[in-house]
Amino acid sequence: MAHGISVSMARTLGRRLAAARRARGWTQAALANALGIESSSLSRYERGGREAPVRLVLATARLLGTDVAHLLGADERPAVDEASAEDLLHAWTRLASEERVLVVAIARALGRAPR
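Residues numbered from 1 in each chain as written. Predicted model: local features only at pLDDT ≥ 70, side-chain atom pairs only at ≥ 80, totals over all residues. Heavy atoms only, no water.

1. Observations concerning the side chain of Arg21
Along the polypeptide, Arg21 turns up in helix α1 (residues 7–23). On the basis of relative accessibility, which here comes to 7%, the residue Arg21 falls in the buried class. If near-sequence neighbours (up to four positions away) are discounted, Arg21 is found in contact with Trp26, Thr27, Gln28, Leu31, Leu42, Glu46 and Leu64. (Helix = DSSP H or I, 4+ residues; strand = E, 2+ residues; numbered from the N terminus. Buried < 20%, exposed > 50% of the residue type's maximum accessible area, 1.4 Å probe, protein only. Contact = heavy atoms within 4.5 Å.)

See the structure below:
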């Protein structure tokens, strides 16, 4: 994967994109058209065979009325322990600005998640 996203995360994202799309009655062609991409690209994202760009994940979440954290499977991931805080800070400094927007969106969505 181009930006270091794990294969399992790409697959989780793909499964959840497809499930959210179907749950809201969208066809692949309709969603791809709304996103301004080819249906074949959306199909690859849904299969987890291609990494979806951050802007596409954000736009898809808005269109489908779901949150980014859920699409990425963040609601299934364990909490990070304090020992890795330094690693997180180091990773943050390497993120592009659009990737930082995604991280903040996930953090905000998780902050509103029921416990």
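That shown, we press on.
2. Topic: helix α3 (residues 39–47)
Here α3 has its buried residues at Ser41, Leu42, Ser43, Tyr45 and Glu46. As for α3, its buried residues are in contact with α1, α2 (28–35) and α4 (54–64). A positive phi of about 80° marks Gly48, the residue just after α3.

3. Examining the packing of α1 against α3
Two elements in contact, α1 and α3, have axes whose closest approach is 6 Å; the angle formed by their N-to-C orientations is 120°. Judged by the angle between their axes, α1 and α3 are oblique. Between α1, through Ala10, Arg11, Gly14, Arg15, Leu17, Ala18 and Arg21, and α3, the contact on the second element is made entirely by Leu42, Tyr45, Glu46 and Arg47. (Axes fitted to C-alpha atoms, helices over the stretch in contact; angles between N-to-C directions. Parallel < 35°, antiparallel > 145°, perpendicular 65-115°, else oblique.)

4. Re the nonpolar core
The biggest cluster of nonpolar side chains holds 24 residues, and the ones touching the most others in it are Leu13, Ile37, Val68, Leu71, Leu102 and Ile106. Within the residue set of this core, elements represented by two or more residues are α1, α2, α3, α4, α5 (68–72) and α7 (97–112). Considering every element that reaches this core, the biggest residue donor is α4, with six residues. Not counting residues up to four positions away in its chain, the partners in contact with Val68 are Val57, Leu58, Ala61, Leu102 and Ile106. (Core = buried A, V, L, I, M, F, W, Y, C linked by side-chain atoms within 4.5 Å.)

5. A short note on the packing of α1 against α4
At their nearest, the axes of α1 and α4 sit 10 Å apart, and the two run at 25° to each other. With respect to their mutual orientation, α1 and α4 come out roughly parallel. Classified by chirality, the crossing of α4 by α1 is left-handed. Two secondary-structure elements touch here, α1 through Leu13, Leu17, Ala20 and Arg21 and α4 through Val57, Thr60 and Leu64. When grouped by side-chain class, the residues that make up the contact of α1 with α4 number five nonpolar, one polar and one charged. (Left-handed = near helix turned anticlockwise from the far one by under 90°. Nonpolar A, V, L, I, M, F, W, Y, C, P; charged D, E, K, R; others polar.)

6. What about the confidence of the model for the protein?
In regions of low pLDDT, the predicted coordinates are not meant to be interpreted in detail. Within the protein, residue pLDDT values average 81, and 79% of them lie at 70 or more. Within the protein, no element has a lower average pLDDT than helix α6 (residues 85–94), which sits at 73, and none a higher one than α2, at 96. (pLDDT = per-residue confidence, 0-100.)

7. Thoughts on the environment of Tyr45
Mapped onto the fold, Tyr45 is located in helix α3. Sequence-wise, Tyr45 and Ala10 are 35 residues apart; in three dimensions their C-alpha atoms are separated by 7.7 Å. Setting aside chain neighbours within four positions, we find Tyr45 in contact with Ala10, Gly14, Leu17, Ile37, Arg50, Glu51, Ala52, Pro53 and Leu56.

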